[in-house]
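Spelled out, the chains give:
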Amino acid sequence: TILYFRALQHGLSALPSADPAVRARLEDEAPVRGWAALHARLPAVDPAAAGSIHPNDHQRIQRALEIHEISGQPMTGLLGRGESPWPGSLIKLALVPDDRDAMRRRIAERFHVMLEQGFLEEVKRLWSRADLGPDRPAIRSVGYRQAWEYLDGELPYETMIRKAVVATGQLAKRQVTWLKTEKETRWFDALDEKLYSKAIAYIKALLVTS
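This one's a predicted model, so the numbers in the text were calculated from it and none came from an experiment. (Residues numbered from 1 in each chain as written. Predicted model: local features only at pLDDT ≥ 70, side-chain atom pairs only at ≥ 80, totals over all residues. Heavy atoms only, no water.)

## Here's the deal with the nonpolar core
Selection criterion: Only buried residues count toward a nonpolar core. Its members are Ala, Val, Leu, Ile, Met, Phe, Trp, Tyr and Cys residues joined through side-chain atoms within 4.5 Å. Burial classes follow relative accessibility: with a 1.4 Å probe on protein chains only, a residue under 20% of its type's maximum area counts as buried, one over 50% as exposed, and anything between as partly exposed. Counting from the N terminus, the helices are the DSSP runs of H or I reaching at least four residues and the strands are the DSSP runs of E reaching at least two. A contact between two residues is defined here by any heavy atoms of the two lying within 4.5 Å.
Judged by nonpolar contacts, the single largest core of 17 residues is most densely connected at F111, L115, F119, V123, M160 and I161. Breaking this core down by element, the ones donating at least two residues are α8 (100-116), α9 (119-127), α10 (144-151) and α11 (157-179). The element best represented in this core is α11, accounting for five residues. Setting aside anything within four residues of it in sequence, one finds I161 in contact with F111, H112 and L115. Counting residues in each nonpolar core, the second largest holds 15 residues, with L38, A49, I67 and M75 among its members.

Spelled out as structure tokens, the structure:
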């Protein structure tokens, strides 16, 4: 989502098109050397990507290495060179809980609500399809990956829940880290009972002075 916002603000980046030969070689190399080994290459070619891409995010690891090999430049450097940036000014608000323990509790509660509302049944319908597998990017998403492993018999039910909640917390942590790199952003406590009034007051003050 933050990447979409950056595209809105700075314009879409002119990234090189996929190279089938390079991509196929990386895909063949990954099962042999392991994705951890491919991720370990990132600090040398794209330090920013190494810090923001999780070692389990195979798709982004592959794309970062592919772009560097094709262009000779880091992917994160090219992402900052957009075409047709937003023509006006922007007011950027970041809503992040100050209480990280509370955030973790809410993440756990949210996943349990998802289960109650049929999340596992949704994944099971996907799992039963012959054209989908754990190698697909959508199935590697947080929550889906753990549910898929449970349906495959690789995880007990309670372990699946724990791993999904932990993975969601790690994703939230990476999102907060990314938000910290956004310049001219006003942060608000997402759990503040007066969040709405404080945010509106901040926006009105900016509009008056602009």
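## Things to note about the packing of α9 against α10
Filter applied, for reference: Axes here refer to lines fitted to C-alpha atoms; in helices the fit is confined to the stretch in contact. Angles between the N-to-C directions go from 0 to 180 degrees. Roughly parallel covers angles under 35 degrees, roughly antiparallel covers those over 145, roughly perpendicular covers 65 to 115, and oblique covers all other angles. If you view the pair so one helix is near and one far, a crossing is left-handed when the near helix is turned anticlockwise from the far one by less than a right angle, and right-handed when it is turned clockwise.
For the pair α9 and α10, the least separation of the axes is 10 Å and the interaxial angle reads 70 degrees. One way to sum up the angle between α9 and α10 is to call them roughly perpendicular. α9 and α10 meet at a crossing whose hand is right-handed. Contacts between α9 and α10 involve F119, L120, E122, V123, K124, L126 and W127 on the former and, on the latter, Y144, A147, W148, Y150 and L151.

## Considerations on the pattern of salt bridges
Selection criterion: When a carboxyl oxygen of Asp or Glu lies within 4 Å of a side-chain nitrogen of Lys or Arg, that pair is called a salt bridge.
Under the defined criterion, the tally for this structure stands at 11 salt bridges. For the salt bridge of D57 with R60, the shortest nitrogen-to-oxygen distance reads 3.9 Å. Given a relative accessible area of 28%, R60 falls into the partly exposed group. In this structure, R129 engages D131 in a salt bridge whose closest nitrogen and oxygen atoms are separated by 2.8 Å. You can call D131 partly exposed: its relative accessible area is 42%. One network of salt bridges, in which partners are shared, links R6, K92 and E182.

## With respect to the environment of L78
Here L78 is to be found in helix α7 (residues 75-79). Between the alpha carbons of L78 and A14 there is a distance of 7.1 Å; along the sequence they are 64 residues apart. Discounting residues that sit within four places of it in the chain, L78 has contacts with S13, L15, P16, I67, S71 and Q73.

## Some points on a nonpolar patch on the surface
Note the following rule: Like charges are joined within 9 Å and nonpolar side chains (Val, Leu, Ile, Met, Phe, Trp, Tyr) within 5 Å, but only among residues with over 30% relative accessible area and no salt bridge; these make up the patches. Using a 1.4 Å probe, the Shrake-Rupley method yields the accessible areas, and only the shown protein chains count as cover for residues.
Side chains of I91, L93, L95, L206 and L207 sit close together on the surface and give an oily, nonpolar patch of about 400 Å² of accessible area. Relative to the assigned elements, L93 resides in strand β3 (residues 92-96).

## Points about helix α2 (residues 20-33)
Short version of the rule: What a helix is expected to span follows from its residue count: subtract one and scale by 1.5 Å. Note: the arc covers the axis-to-C-beta directions of the helix.
Spanning 14 residues, α2 covers 20 Å between terminal C-alpha atoms, matching the ideal 20 Å at 1.5 Å per step. Inspection of α2 places V22, L26, E29 and A30 among the buried residues, and these make up the whole buried set. One face of α2 carries all of its buried residues, which in axial projection span an arc of 115 degrees. Turned more than 90 degrees from where α2 packs its buried face, P20, A21, D28, P31 and V32 sit exposed. Contacts made by the buried residues of α2 are with α3 (35-39) and α6 (58-71). Positive backbone phi, approximately 95 degrees, marks G34, located one or two places after α2.

## A few points about the packing of aromatic side chains
Just so we agree on the cut-off: Stacked, tilted and edge-to-face are the three classes applied to pairs of Phe, Tyr and Trp rings, where Trp contributes its six-membered ring and a pair requires centres within 6.5 Å; stacked means planes under 30 degrees apart, edge-to-face means over 60, and tilted covers the rest. Criterion for a charge above a ring: Arg CZ or Lys NZ at most 6 Å from the ring centre, at most 35 degrees from the ring normal.
Applying the stated criterion across every chain yields a total of four aromatic pairs. When the centroid spacing of 5.1 Å and the interplanar angle of 80 degrees are considered together, the rings of F119 and Y144 count as edge-to-face. Here Y144 lies in helix α10 and F119 lies in helix α9, a separation of 25 residues in the sequence. The partly exposed category is assigned to Y144, whose relative accessible area is 22%. On the numbers, 5.9 Å between centres and 75 degrees between planes, the contact of F188 with Y202 is edge-to-face. One end of the pair, F188, is in strand β4 (residues 185-189); the other, Y202, is in helix α12 (residues 195-209), and 14 residues separate them in sequence. Using a relative accessible area of 23% as the deciding quantity, one classes Y202 as partly exposed. An aromatic cluster of at least three residues, connected via ring pairs, comprises F111, F119 and Y144. Above the ring of F188, the side-chain terminus of R186 is found at 4.4 Å from the ring centroid. Against the face of Y202 rests R186, its NZ or CZ located 5.4 Å from the ring centre.

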